[in-house]
Amino acid sequence: MNAPHEAFAHNVIEALQAQAEEFIAVRRDIHRHPEMGYKEYRTSDLVAEQLQQWGYEVTRGLGGTGVVGQLRRGHSSKTLGLRADMDALPIEEATGLPYASCNAGIMHACGHDGHTAMLLAAAKHIAGNVQFSGTLNLIFQPAEEGLGGAKKMMEDGLFSRFPCDAVFAMHNMPGHPQGHLVLRDGPMMASSDYVTITLDGKGGHGAMPHQAADPVVAGSAIVLGLQSIVARNVDPQETAVITVGAFNAGVANNVIPQTATLSLSVRSLNPQVRELLEQRITDLAHAQAQSYGVRAHVAYQRGYPVLVNHLRETDFAREVAEELVGAQRVTRQGKALTGSEDFAFLLEQVPGCYLLIGNGDGAGGGHGACMVHNPGYDFNDDNVAIGSAYWSLLVERFLKD
Ligand SMILES: [Zn+2]
Ligand SMILES: [Zn+2]
């Protein structure tokens, strides 16, 4: 890092700090009015109005409530996408904060209010102060929490209508010091699949098992057999999780039920391991069921894919991070997480990088180190300036004149 960069980065943070109060107010306003996935009507209105006001060309309706704000400058054909998510969670807020949710049972417990505010703060600063050449696409997506809003936006032509040479996204993370930036190339977040195994046996009297085909015994063998996939089929140096979260069968002690159902959560950090898990789970369920004389139906539903950060874009994002906050506040290669994130869909089509910004231990309202998705969680407002400064510097560097 050389001196002019240091001076510049300092200026960016100062400039974004100077307007932080305005966007902390925006963050708290969004926090107070959380909306569930695909129902971000008020939030997307707010986003669209602000972007328009600063001269962005605004397109709405991608993925339902998604918003894209586009700003073109200069003659370069370079294109860049930055993504924020807007949806909240079905959680009853327990923070007691003055700006706590006024929508019963809905809460911004993952900090998407903060992600939206950081990108809006950057949008205003960039429009007014940043010289660049190329096309900037600010992507505000709906329904990140399990409903695949990013994929929906892609199905509605996100990248054909708004081509991007690269895409970036940032998520807050409690437990890392406030404003600390964590990057990782390669797999960063897990794939998340759901499997329902239905076993069809033959019901009968509990006293006469020889005249029945018992799906409970077959299901028990399957539960144990599934664990051997992780232990015996997956490379010991890879990550895989198979959790049988529900096993439902029967109602009475003297009745052998006709059917049993298993519900599984399956995660991995490698697309090849994901393929292997799907194949082995399906094969094992069928073979085990057959060996017990019952029939298995396997419904394998693919959720979010493995989020894989691209090396070149991650290196670029690292450089920007170190330039902005200094090497001692950047983790260049952090740990992968077994949570999942639908930005993974975007990274399957366009190279890019997903990074974390530390939310600190105080989690905004002083509620202790509180993980996302907890009713006591709050986004750390001190990140509004740092996060938006990061986006501003990244735009300036990526679309340099
Ligand atoms: Zn979440
Ligand atoms: Zn989230």
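To be clear, the structure that these remarks concern was listed above.
Description of the structure in this document. As the structure is a computational prediction, the values presented were derived from the model and not from experiment.

1. Describing the overall build of the chain
A tally of regular secondary structure across the chain gives eleven helices and 16 strands. With respect to the three principal axes, the spread of C-alpha positions in the chain is 80 × 45 × 40 Å. Within the chain, the fraction of its 401 residues that count as buried is 55%. Sequence-distant contacts, at least 24 apart, represent 81% of the contacts inside the chain between residues at least 6 apart. For the chain, the accessible surface area stands at approximately 16700 Å², while carbon and sulfur atoms represent 50% of it. On the chain, the mean spot of the 29 positive side-chain charges and the mean spot of the 43 negative ones are 4 Å from each other.

2. Considering the coordination of the zinc ion (ligand 1)
Six octahedral donors at a metal ideally form angles of 90 or 180 degrees, and four tetrahedral donors ideally form angles of 109.5 degrees. Of the protein atoms, only Cys-110 (SG), Glu-145 (OE), Glu-145 (OE) and His-373 (NE2) coordinate the zinc ion (ligand 1), at distances of 2.0 to 2.8 Å. Here the zinc ion (ligand 1) binds four donor atoms, and the angle range of 51 to 150° at the metal identifies the geometry as irregular. Written as a sequence motif, the donor residues of the zinc ion (ligand 1) are C-x34-E-x227-H. If you look at the zinc ion (ligand 1) and the zinc ion (ligand 2), they sit 3.1 Å from each other and are both ligated by Cys-110. Remark: His-373 occurs in the loop between strand S16 (352–360) and helix H11 (383–398) and Glu-145 occurs in the loop between strand S4 (134–141) and helix H5 (149–155); sequence separation between them is 228 residues. Of the residues examined, His-373 reaches a relative accessible area of 38% and is grouped as partly exposed.

Quick notes on the rules
Residues numbered from 1 in each chain as written. Chains lettered and ligands numbered in written order. Predicted model: local features only at pLDDT ≥ 70, side-chain atom pairs only at ≥ 80, totals over all residues. Heavy atoms only, no water. Helix = DSSP H or I, 4+ residues; strand = E, 2+ residues; numbered from the N terminus. Buried < 20%, exposed > 50% of the residue type's maximum accessible area, 1.4 Å probe, protein only. Contact = heavy atoms within 4.5 Å. Areas by Shrake-Rupley, 256 points an atom, 1.4 Å probe, with all protein chains shown as cover. Lys, Arg positive; Asp, Glu negative; His and termini not counted. Charge placed at Lys NZ, Arg CZ, Asp CG, Glu CD. Donors = N, O, S within 2.8 Å, 3.2 Å for Na, K, Ca; no water. Tetrahedral: all angles 85-135°; square planar, octahedral: opposite > 155°, others 65-115°.

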